[in-house]
Amino acid sequence: MPKKLKNVIQIAIFLGIGLVLIWLITKDLTAEQKEQIKTALRNAHYWLVIPAMIIGIASHWARAVRWKLLIKPLGYEPGTLNTFFAVMVGYLANLAVPRLGEVSRCGILARYEKIPADKLIGTMIAERAIDLICLVILLIATVLVQIDLIGQFFKTEVWHPLQQKFANAGSAQMLLYIGILVGVIILLYFFFRLFARSKAAITLRSLARGVLEGILSVGKMERKGWFIFYTLLIWTLYFSMLYCGFYTLDETKHLGFNAALAILGVGSIGMIVTQGGIGAYHALVTKTLILYNIHESTGFAFSWILWLAQTLLVMVVGLLSLVLLPVFNNNKQK
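Residues numbered from 1 in each chain as written. Predicted model: local features only at pLDDT ≥ 70, side-chain atom pairs only at ≥ 80, totals over all residues. Heavy atoms only, no water.

## Notes on empty space enclosed by the protein
Inclusion rule: Buried and open spaces are told apart on a 1 Å grid over the protein atoms alone, a cavity being a set of points where a 1.4 Å probe fits but cannot get out and a pocket being an open set with protein on both sides within 12 Å along at least five of seven lines. Residues with an atom within 4 Å of a point are the lining residues. Grid points are joined across faces, edges and corners, and a volume is the space filled by probe spheres set on the points. For helices the rule is a DSSP run of H or I covering at least 4 residues; for strands it is a run of E covering at least 2, with both sets numbered from the N terminus onward. Three classes are used, and their members are as follows: Ala, Val, Leu, Ile, Met, Phe, Trp, Tyr, Cys and Pro are nonpolar, Asp, Glu, Lys and Arg are charged, and the others, Gly among them, are polar.
One pass over the full model with this rule turns up 1 cavity of 30 Å³ or more. A volume near 40 Å³ is recorded for the largest cavity. Around the largest cavity, the lining residues are Val87, Gly90, Tyr91, Asn94, Gly101, Glu102, Arg105 and Arg128. At the level of elements, helix H4 (80–96) and helix H5 (100–113) are the ones that each hand at least two residues to the lining of the largest cavity. Of the residues assigned to the lining of the largest cavity, the class counts are 2 nonpolar, 3 polar and 3 charged.

The structure is reproduced here in structure tokens:
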């Protein structure tokens, strides 16, 4: 399959998932609820989006500085501005094609700072792994600080429906599911055995060695304390940006620490699930706000304000970074 066609199909699938999720949220809204959403959007204090976006830029700058700390043990020290530009162009690329941003930012930094791309990919994987650990810790902390609220929600919305589903499934249906799972595992086993002997696998193993070197750069860092500091700073800024967003609506400005913690966690998952978070982010944030007695229509309006602020930030700063990269580096060479 041609690469361009593959990218188009991938974009269509992720956008389709996002649009379906938005449709699922809005299809049952009454005329009154739709009017409430419009009213909330009309009465929002949009000027408060500006400080939220400034905090967002600061979080991306901190991410660029942290990435530099991962790269330094490899024997390279890229410029902070080039690293920041690469991060922002990567976020911009992710809006166009899912997961393209990770490759793009490594390619840009490799081009302008003359660093082997495979090693940069390794540092990027290490960075993503650390962020995933932070997200898991955040979700666990969210549950622990409000165990009664989250526990009740999980029990009524997740556990009981699953119990009901399995209780209704017959023994023949269960055996069919198990048989399909076993069959898939066997097929994957034989596929990987055959693939391991191919030229592509040999090339991938060579690439993996460079990637592994980048990942191991975490353990070789001399300034681990600063790395931890910047990691905490990134997530604190994410939290602050979200908390600032509460004040854009009168109905959400009373929400406190616990609500912000929960929305940061589920919102981060939403941004990962679909392209640019479209659909998934709105659905998860809206449903989470209901737990804190925020009306569904208000929650939906809030999710759009916050999502648009983040997306607009990435689009504006990402495009500026794309334009400024060659200008800045040409001036630097002169």
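## A few points about the nonpolar core
Selection rule: We call a set of buried Ala, Val, Leu, Ile, Met, Phe, Trp, Tyr and Cys residues a nonpolar core when their side-chain atoms join them within 4.5 Å. Burial classes follow relative accessibility: with a 1.4 Å probe on protein chains only, a residue under 20% of its type's maximum area counts as buried, one over 50% as exposed, and anything between as partly exposed. Throughout, a contact is declared for two residues whenever any of their heavy atoms are within 4.5 Å.
Among the nonpolar cores identified, the biggest contains 64 residues, and Trp67, Leu120, Trp235 and Phe302 are the most heavily contacted of them. Considering every element that reaches this core, the biggest residue donor is helix H14 (residues 296–333), with 11 residues. With residues up to four places along the chain from it excluded, the contact list for Phe302 reads Leu242, Gly245, Phe246, Thr248, Leu249, Thr252, Val285 and Leu289.

## What about the layout of surface pockets?
The calculated volume of the largest pocket comes to roughly 970 Å³. The element contributing the most residues to the lining of the largest pocket is helix H12 (residues 257–273), with 6 residues. When the residues that make up the lining of the largest pocket are grouped by side-chain class, the tally is 18 nonpolar, 11 polar and 5 charged.

## Section: the pattern of salt bridges
Think of it this way: side chains of opposite charge can pair up when their charged atoms draw near. Condition: When a carboxyl oxygen of Asp or Glu is within 4 Å of a side-chain nitrogen of Lys or Arg, the pair counts as a salt bridge.
The final tally for this structure, using the stated rule, is 8 salt bridges. A salt bridge links Arg128 to Glu102, with the shortest nitrogen-to-oxygen separation between them at 3.0 Å. Of the two residues, Arg128 is situated in helix H6 (residues 117–145) and Glu102 in helix H5; the sequence distance between them amounts to 26 residues. Arg128 gets classed as partly exposed once you look at its relative accessible area, which sits at 29%. A relative accessible area of 8% means that Glu102 is categorised as buried. Between Asp250 and Lys253 there is a salt bridge, and its shortest N-O distance comes to 3.7 Å. Taken together, the shared-partner salt bridges in this structure form one network comprising Arg63, Arg66, Arg105, Glu127 and Asp131.

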